[in-house]
Amino acid sequence: MAKKVLMKGNEVIAEAAIRAGCRHYFGYPITPQTEIMHYMAKRMVEVGGAFVQAESEVSAINMVYGAASAGARALTSSSSPGISLKQEGISYIAGAELPAVVVNIVRAGPGLGGIQTSQGDYFQATKGGGHGDYKNIVVAPASIQELYELTVEAFNLADRYRMLVMILGDGTLGQMMEPVLFRESEPTEDTDKSWALTGRGDRTEHNTVTSIYIEPDDLERKNNDLQIKYARVAEAETRYESTDVEDAEIVITSFGTCSRICKNVIRQAAELGIKVGMVRPITLWPFPSSEIARAASLPSVKAFLDVELNAGQMVEDVRLAVNGQKPVYFLGRMGGNMPTQKEILDRIVAIHDGEAK
Amino acid sequence: MAIVFDKTEGLLDKPFHYCPGCTHGIIHRIIAETMCEKGILNDTIGVSSVGCTYNNYEYFSCDMVQAAHGRAPAVATGVKRVHPDKFVFTYQGDGDLASIGAAEILHSAARGERITVFFVNNAIYGMTSGQMAPTTLLGQVTTTSPFGRDAALQGYPMNVSELLATLPGAVYIERVAMNNFKNIQTAKKAVAKAFAVQEKGLGFSLVEFLSTCPTNWGKEPVESLRWLESAMIPQYPLGVFKGKDLEV
Ligand SMILES: Cc1ncc(C[n+]2csc(CCOP(=O)(O)OP(=O)(O)O)c2C)c(N)n1
Ligand code: SF4
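Each chain carries its own residue numbering, running from 1 in the direction its sequence is written. Chains carry letters and ligands carry numbers; both start at the beginning, A for chains and 1 for ligands, and go up in the order they are written. Restriction of local features to residues with pLDDT of at least 70 applies here, the model being predicted, together with a cutoff of 80 or more for giving and counting side-chain atom pairs; totals for whole chains, interfaces and linings are based on all residues. Calculation of side-chain values draws on the structure's entire complement of heavy atoms; hydrogens and water are dropped beforehand.

Being paired, for any two strands, means DSSP has found at least two bridges between them. Helix and strand definitions here come from DSSP, where helices need a minimum of 4 consecutive H or I residues and strands a minimum of 2 consecutive E residues; each element is numbered from the N-terminal end. Ordered by their spatial adjacency, eight strands build an open sheet running 9(A)-2(B)-1(B)-3(B)-4(B)-6(B)-5(B)-7(B), and the pairing between neighbours is mixed. Strand pairing shows two members of the sheet lacking a second neighbour, strand 9 (208-209) of chain A together with strand 7 (239-242) of chain B, which therefore form its edges. Of the pairings in the sheet, the one linking strand 1 (residues 44-48) of chain B to strand 3 (residues 87-93) of chain B comprises five bridges and is parallel in character. Bridge pairing links S48 of chain B to Y91 of chain B in strand 3 of chain B. Packing against the sheet, helix 2 (residues 72-82) of chain B makes contact with strand 1, strand 2 (63-66) and strand 3 of chain B, and its axis sits at approximately 175° to strand 3 of chain B. Contact definition: two residues touch when any of their heavy atoms are within 4.5 Å. Here an angle of 0 to 180 degrees is reported between the N-to-C directions of two axes, which are lines fitted to C-alpha atoms, with helices fitted over the stretch in contact. Of the strands in this sheet, strand 4 (116-121), strand 5 (170-177) and strand 6 (204-210) of chain B touch helix 9 (residues 221-235) of chain B, which is tilted by about 135° from strand 6 of chain B.

Here's what the structure looks like:
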C-alpha cells in the first residue's frame with residue numbers, strides 16, 4: 001500500500017534510489033548531503049546492495065562509471081566542491097554514453113564557500129561542467145514529494161537515453177522534512193542493456209565501453225550522434241510548471257526551493273491587484289525555452305522577474321528565451337541567504353510601477 | 001601438420017600498434033594466454049587505462065572498459081561490485097598508476113578490493129613522449145629531467161610493490177621482468193597466481209612488470225633489454241613481496 005511518511009530530503013533521495021532499483025552507491029562525505037551516505041550505508045546492507053565510501057569524489061564517480069558500464073543502476077551524491085571533482089568522470093560518462101545518477105545538494109561557493117543553501121552551480125550543471133560538448137539531464141525538485149518522484153524518474157531517464165541525470169537540489173531541500181507519499185511500486189522501465197559488460201558468456205563478440213575516438217571523422221560522427229540524442233531528449237523530456245501565465249502582467253522565473261518563496265509572493269501581489277504568473281523549470285536542461293518564449297509573446301505580459309540564489313545564472317537562459325520581447329529583471333541572494341517574500345514583493349511592485357532598474 | 005604455436009583466443013586478430021622492441025605486447029600475450037588456459041576468458045572484464053595501451057580493449061577479446069587516467073582501480077571497483085563472481089583486471093602504466101592514480105591504487109589495495117592489477121613499469125611516460133615518471137631512475141634522462149633525475153630536485157624513484165605490500169588488503173604482490181625467456185615464464189606464472197587469488201576471493205592482487213620503452217629510452221630493442229636488467233632490476237628487485245606462502 002502507498003504510505004505517507006515524514007522524511008528529510010536527503011533520506012528521501014536515498015530511499016527513492018533504492019526503490020528505483022539502485023543497488024550501488026559510491027560517495028565521499030560532504031555537508032549538506034551526508035545523510036544520503038548514512039542512509040545508504042545501512043539500507044544497502046538490508047537490500048543486498050553495495051555501499052562504498054570512496055577515497056575521494058574523483059574515485060566515487062569513477063566507481064559509478066565502472067558500475068554503470070557493468071549494467072547497474074549506480075548513484076553518487078555530493079555537494080558543490082565535491083561535484084567540481086566529479087566533473088572529469090561526468091564528462092567520461094557522457095562520452096561513453098553510460099546511464100548514471102548524480103546528486104548535487106548545492107552549497108554556497110566559490111571555493112570552500114559555506115555550507116548554507118545556494119543555487120550557484122546552475123552554470124556548472126547545465127552548461128557542461130567538464131570538458132567537451134555534452135549535456136546532462138538536470139532536474140530541480142522544489143518539494144520533498146517532487147524530490148522523491150524525480151529521483152525515481154532520474155534512473156529511468158538515465159537508462160532510456162544512456163545519459164547522466166543530475167538531481168540539482170540545495171541545502172534547504174536536502175535538510176528539510178516534509179511528508180512524502182511513497183507509491184506502492186515504482187514505474188520502472190525495461191531498457192536494453194545488451195551493451196553492458198557482464199563477461200562475454202555465450203556472446204561471440206566482446207563488449208567494450210570507451211569514450212576515445214582517435215580519428216577525427218569518427219569523433220565528429222560520435223559528437224553528431226550525441227547532439228542528435230540531446231535534441232531528442234529536449235523534444236521529449238522538457239518539464240516545467242507554468243502557473244497563471246495567461247493573464248499575468250509580470251512572470252516570475254525561478255527553480256527549486258527558491259520558487260516556493262516566489263509562489264507565496266504571487267498571492268500577496270494579487271492582494272495588491274498585481275497579476276503575477278510563474279514559469280518554474282523542472283528540468284534545467286533541457287530548458288523550457290519555448291514556454292518562456294510563449295509567455296513573452298503574450299500581450300498582457302509586461303515584464304519578467306527571475307529570482308535565484310546566485311548572482312544571476314538561469315536568468316541568461318531566460319533572456320535568451322525572451323529574446324528581447326520584454327524586459328527581464330533579476331533578483332538574487334548569495335552566500336547561503338534566501339530572499340524574503342517582502343524583498344520579492346517590493347521588486348514586483350517597483351516593476352509594476354515602472355520604477356525598477 | 002600439427003600446429004605447435006598459434007595466436008591465443010584471448011587476443012583479437014588485430015596487429016598491435018606498439019613500437020618495435022616494446023614488451024607491452026608480450027605482457028598482453030601472457031595475460032591473454034592465461035585467461036584461456038584457466039578457462040576464464042568469458043568471465044573476465046578488463047579495464048584499460050591511459051597510456052600507450054589506452055586502446056587495448058581492441059586487443060583483449062574479453063569484455064573491456066576504458067578508464068580515465070589513473071582511475072582504472074576505481075572503475076574496476078565499480079565493475080567488481082556489480083559482478084563479484086567475475087574476474088576483473090586493470091592494465092596500467094607507471095604514470096597512470098603511481099602518479100595521477102596514486103590514491104586510487106592505494107585505496108583499492110587498502111580496501112582489499114578483489115581485483116587484479118597488471119602494473120607495467122617502464123620507468124617513463126611512453127605515450128606522451130618520454131617524460132619523467134615516479135618510477136624514473138636517479139640519473140635517468142627524460143624529456144622533463146633532461147639533465148638526469150636529480151633526487152634533490154625531483155625526488156626518488158617509487159617502489160610501488162614494496163609500498164603496497166605493507167597493506168593488509170593486498171594479499172598477493174609480485175614483481176617480474178620482461179627481459180628474457182625465463183623471466184617471462186615466471187611472469188606468466190605470476191599472472192595465473194593473481195587470477196587464482198581473485199578466484200578464491202582473497203583480496204587485492206598485483207603483478208608489476210618491468211617493461212621496455214626503446215622509443216623513449218632512446219635505445220635499440222636489445223640494448224633496452226640489457227638496460228632493464230642492468231639498471232632497472234637493481235632499483236626494482238624481482239620477487240614476491242606479499243603472499244609468498246599463499247596456496248592457490
Ligand atoms: C587527466 C589526464 N592528464 C594527462 C593525460 C595525458 N597522458 C596520456 S598518457 C600519459 C602518460 C602515460 O604514461 P604511463 O602510465 O607510464 O604509460 P605508458 O604510456 O608508458 O605505457 C599522459 C600523461 C591524460 N590523458 N589525461
Ligand atoms: S612509446 Fe614506449 S611504451 Fe609506448 S609503445 Fe612505444 S616503446 Fe612501448
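Once that is clear, we can look at the site of ligand 1. All names here are of chain B. Close to ligand 1 lie 16 residues; C52, D94, D96, G126 and M127 are nearest. Within 3.5 Å is the distance limit for a polar contact, defined as a pair of N or O atoms, with the added protein rule that one can donate a hydrogen and the other accept it, and that residues adjacent in sequence qualify only through two side-chain atoms. A distance of 2.5 Å separates an oxygen atom of ligand 1 from a polar side-chain atom of D94. Between ligand 1 and D96 there is a distance of 2.8 Å, counted from an oxygen atom to a backbone nitrogen or oxygen. In these tables, accessible area is a Shrake-Rupley quantity obtained with a 1.4 Å probe, and a residue counts as shielded only by the protein chains included in the view. Against a free-state accessible area of 590 Å², the protein chains account for coverage of 74% of ligand 1. Put simply, Ala, Val, Leu, Ile, Met, Phe, Trp, Tyr, Cys and Pro go in the nonpolar bin, Asp, Glu, Lys and Arg in the charged bin, and everything else, Gly too, in the polar bin. Its residues assigned to classes, the shell around ligand 1 comprises six nonpolar, eight polar and two charged. The rule for a residue being near a molecule or strand is that one of its heavy atoms must lie within 4 Å of it.

Take the interface of chain A and chain B next. Contacts between the two partners involve 32 residues from chain A, matched on the other side by 30 residues from chain B. Values labelled buried area give the accessible surface lost by two parts on being combined, using a 1.4 Å probe and summing over both. Looking at the side of chain A facing chain B, the largest losses of area belong to E55, R200 and H206 of chain A, adding up to 21% of the total buried there. Put simply, a salt bridge is a Lys or Arg side-chain nitrogen that is within 4 Å of an Asp or Glu carboxyl oxygen. Linking chain A with chain B are three salt bridges. A salt bridge links R111 of chain B to E55 of chain A; its shortest N-O distance comes to 2.8 Å. Secondary structure elements with two or more residues in the side of chain A that touches chain B: strand 2 (24-27), strand 3 (50-53), helix 3 (57-69), helix 4 (80-96) and strand 9 of chain A. In terms of residue class, the side of chain A that touches chain B is built from 16 nonpolar, 12 polar and four charged. Pairing between strand 9 of chain A and strand 2 of chain B: two bridges, direction parallel. Bridge pairing in strand 2 of chain B places V209 of chain A opposite V65 of chain B.

We now examine the domain arrangement of chain A. All names here are of chain A. Start and end positions for the domains come from either an automated domain assignment or a database one. Entries for chain A in the domain assignment read domain 1 (5-237) and domain 2 (241-352). Here domain 1 and domain 2 have C-alpha centroids that lie 28 Å from each other. On the domain 2 side, the residues contacting the 33 residues of domain 1 number 25 residues. Between domain 1 and domain 2, roughly 2,300 Å² of surface is buried when both sides are summed, and carbon and sulfur atoms account for 58% of that area. In terms of surface lost to domain 2, no three residues of domain 1 exceed Q119, Y122 and F123, which account for 30% of the buried area on that side. Where domain 1 packs against domain 2, one counts three salt bridges. Here E178 and R260 are joined by a salt bridge, their closest N and O atoms 2.4 Å apart.

Our focus in this paragraph is the sheet that holds strand 12 (residues 276-281) of chain A. Residue and element names in this part refer to chain A. Taken in spatial order, the five strands line up as 10-12-11-14-15 in an open sheet, and their pairing is mixed. A strand with exactly one partner marks an edge of an open sheet, and here the two such strands are strand 10 (240-243) and strand 15 (328-332). Across the sheet, the mean angle from the axis of one strand to that of its neighbour is 20°, orientation sign disregarded. Two strands pair when backbone bridges link them, and strand 10 and strand 12 are joined in this way by four bridges, in the antiparallel orientation. When the bridges of strand 12 are listed, S242 appears paired with V279. With respect to the sheet, helix 9 (residues 256-271) is in contact with strand 10, strand 11 (250-253), strand 12 and strand 14 (303-308), its orientation differing from that of strand 12 by roughly 165°. Of the strands in this sheet, strand 10, strand 11, strand 12 and strand 14 are in contact with helix 10 (residues 289-297), which crosses strand 14 at around 145°.

All right, on to empty space enclosed by the protein then. All names here are of chain A. Put plainly, a pocket is an open set of points on a 1 Å grid over the protein atoms alone with protein on both sides within 12 Å along at least five of seven lines, a cavity is a set where a 1.4 Å probe fits but cannot get out, and a lining residue has an atom within 4 Å of a point. Grid points are joined across faces, edges and corners, and a volume is the space filled by probe spheres set on the points. Within this structure, the stated rule accounts for two cavities of 30 Å³ or more. Taken as a whole, the largest cavity encloses approximately 40 Å³ of empty space. Looking at the largest cavity, the residues that line it are V106, Q119, P141, L168, G169, D170, L173, F255, G256 and T257. Those elements giving two or more residues to the lining of the largest cavity turn out to be strand 7 (164-170) and helix 9. Broken down by element, the lining of the largest cavity gets its largest block of residues, three residues, from strand 7. When the residues that make up the lining of the largest cavity are grouped by side-chain class, the tally is five nonpolar, four polar and one charged. Counted as a void, the second largest cavity has a volume near 30 Å³. Along its surface, the second largest cavity is lined by A72, R73, A74, P99, A100, V101, F155, A158 and D159.

Residues and elements named next belong to chain A. The rule is simple: take the accessible area with a 1.4 Å probe, protein chains only, and divide by the maximum for that residue type; under 20% is buried, over 50% is exposed, in between is partly exposed. With seven of seven residues buried, strand 5 (residues 100-106) lies mostly within the body of the structure. Here strand 5 shows two buried faces, one formed by A100, V102, N104 and V106 and the other by V101, V103 and I105. Two elements, strand 4 (residues 74-78) and strand 5, share four bridges in a ladder whose sense is parallel. Bridging from a neighbouring strand, S78 pairs with N104 of strand 5.

Here we take up the side chain of E55 of chain A. Position of E55 of chain A relative to the elements: it lies in the loop between strand 3 and helix 3. Engagement of the side chain of E55 of chain A in a polar contact is seen with the side chain of S59 of chain A, the distance being 2.9 Å. Among the polar contacts made by the side chain of E55 of chain A, one reaches the side chain of R111 of chain B at a distance of 2.8 Å. Beyond its immediate sequence surroundings of up to four residues, E55 of chain A is in contact with Y28 and M63 of chain A together with A103, E104, H107 and R111 of chain B.

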